[in-house]
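Listed here are the chains, written in short residue letters.
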Amino acid sequence: MVTVTTVCSYAALLASFVSFAAAGEPEVEIADLFGDVLFQQGIPQSITCTVFDPLPVGVFTWKVGDRIIENNNRIENIAEDEIQQVLQFTPTLEDSKKPLTCQYGERGEQVYSDYITMGIYVMDIPSDPITPGLVKDGDPVTLKVTAVLYPAPAPGDILWEVKEPGGEVVMEMSPGGQDMYGIYRAGEIEVLSESDNLYQFSLDIAVLDQKEVSNIHTVTITTKGIKKTVHFNLALKMTQGDEVEGTKEDVHQNPSSVDSYKETKEEEPEAGVLGMEMGLFIIIGVIAVFIILCIIFCIYRRKKKSRSKNSKTYTAVKTNTNMHGQPV
């Protein structure tokens, strides 16, 4: 016989089931990311996990592979039926090809989750233009760039380019290439340290002159579809007393070239000042000698006059006096 109490219990249980069915199961989603995702090693990332229709006492759990990542960030209520938590995460090479998973659920109960698969790459490349150093007009020069890369680069991932100032392409080549005139030659990829993923790329230019200096020289490196370009600043070495060689832009961009230019220009005023001082000294000496000669000449004239006056003789003329008033 069914009692009233039993009926009420079944009714309450049915109401709970209906309420749970109406609410639905929690839905977990990693915001804005899905599938295979590329991350650069060492660059901090903020990963957001959102849960729709959350449980009353559900908790978040983050994993990389089977490793649990501690996350003390608080859970935020975005809406009445939506919560989220943010994970601050810095990927490393060891995490490559592993899933990053966001799990949500009550402890010991069913877990709901979403995940992405991480692809980790390393691309540590100089961001500033590289100055290979000064060479004389007509001498060869080698452009070099060192980079930390993962995965290991292939020849097709490296592209050397030389363009005229107007943008017209002079040369394009990958490592191992050479132009038909023998002016440009791209060296093979050099592995400096396999354990550190350190590589070096080079381009030999047979003759560096004014025209070559005015060209634009770059190398573009591609890793996992991501491209970065390195620029080079070329300049010719200056010689003593010559005008500055190369473009004005090159001289300003090359500190050592500017310093040499300043030293040359600073030496010229010193030589001019020395010449002026010597000329002034000679003029003063000439004036002094002239004055001394004038003084000696004046003294000499005065002494000559004195001697002339002292040596002058007088002749007495005897005259007879006529006592009678007549001349003799």
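Structural data are supplied above this passage.
Residues numbered from 1 in each chain as written. Predicted model: local features only at pLDDT ≥ 70, side-chain atom pairs only at ≥ 80, totals over all residues. Heavy atoms only, no water.

Participant: So what about a nonpolar patch on the surface? Which residues, and what values?
Facilitator: A cluster of nonpolar side chains, namely Ile283, Ile287, Phe290, Ile291, Ile295 and Ile299, defines an oily patch on the protein surface of about 590 Å² accessible area. Tracing the backbone shows isoleucine 291 in helix 4 (residues 255-310). (Patch = residues over 30% accessible without salt bridge, like charges linked within 9 Å, V, L, I, M, F, W, Y side chains within 5 Å. Areas by Shrake-Rupley, 256 points an atom, 1.4 Å probe, with all protein chains shown as cover. Salt bridge = Lys/Arg side-chain N within 4 Å of Asp/Glu carboxyl O. Helix = DSSP H or I, 4+ residues; strand = E, 2+ residues; numbered from the N terminus.)

Participant: Now, about the pairing of strand 7 (residues 82-89): what can you tell me, with residues and values included?
Facilitator: On a regular strand, each side chain points to the face opposite its neighbour's, so the side chains alternate between the two faces of the sheet. Taking burial as the measure, the 8 residues of strand 7 include 6 buried ones, the bulk of the element. One ladder, built from 8 bridges, connects strand 3 (residues 45-52) with strand 7; its direction is antiparallel. Bridging from a neighbouring strand, cysteine 49 pairs with glutamine 85 of strand 7. Bridge count between strand 6 (residues 76-79) and strand 7: 3 bridges; the pairing is antiparallel. For asparagine 77, the partnering residue across the bridge sits in strand 7 and is isoleucine 83. From the end of strand 6 to the start of strand 7, which pair antiparallel, there are 2 residues. (Buried < 20%, exposed > 50% of the residue type's maximum accessible area, 1.4 Å probe, protein only. Pairing = 2+ DSSP bridges.)

Participant: Describe the state of the cysteines, naming the residues involved and giving the relevant values.
Facilitator: All chains considered together, the criterion is met by 1 disulfide. Each sulfur of the disulfide joining cysteine 49 and cysteine 102 lies 2.0 Å from the other. Residues cysteine 49 and cysteine 102 share a disulfide whose torsion about the S-S bond is about -90 degrees; that sign makes it left-handed. Taken together, the residues cysteine 49 in strand 3 and cysteine 102 in strand 8 (residues 99-105) connect sequence positions 53 residues apart. A single burial state applies to cysteine 49 and to cysteine 102, both of which are buried. (Disulfide = S-S within 2.5 Å.)

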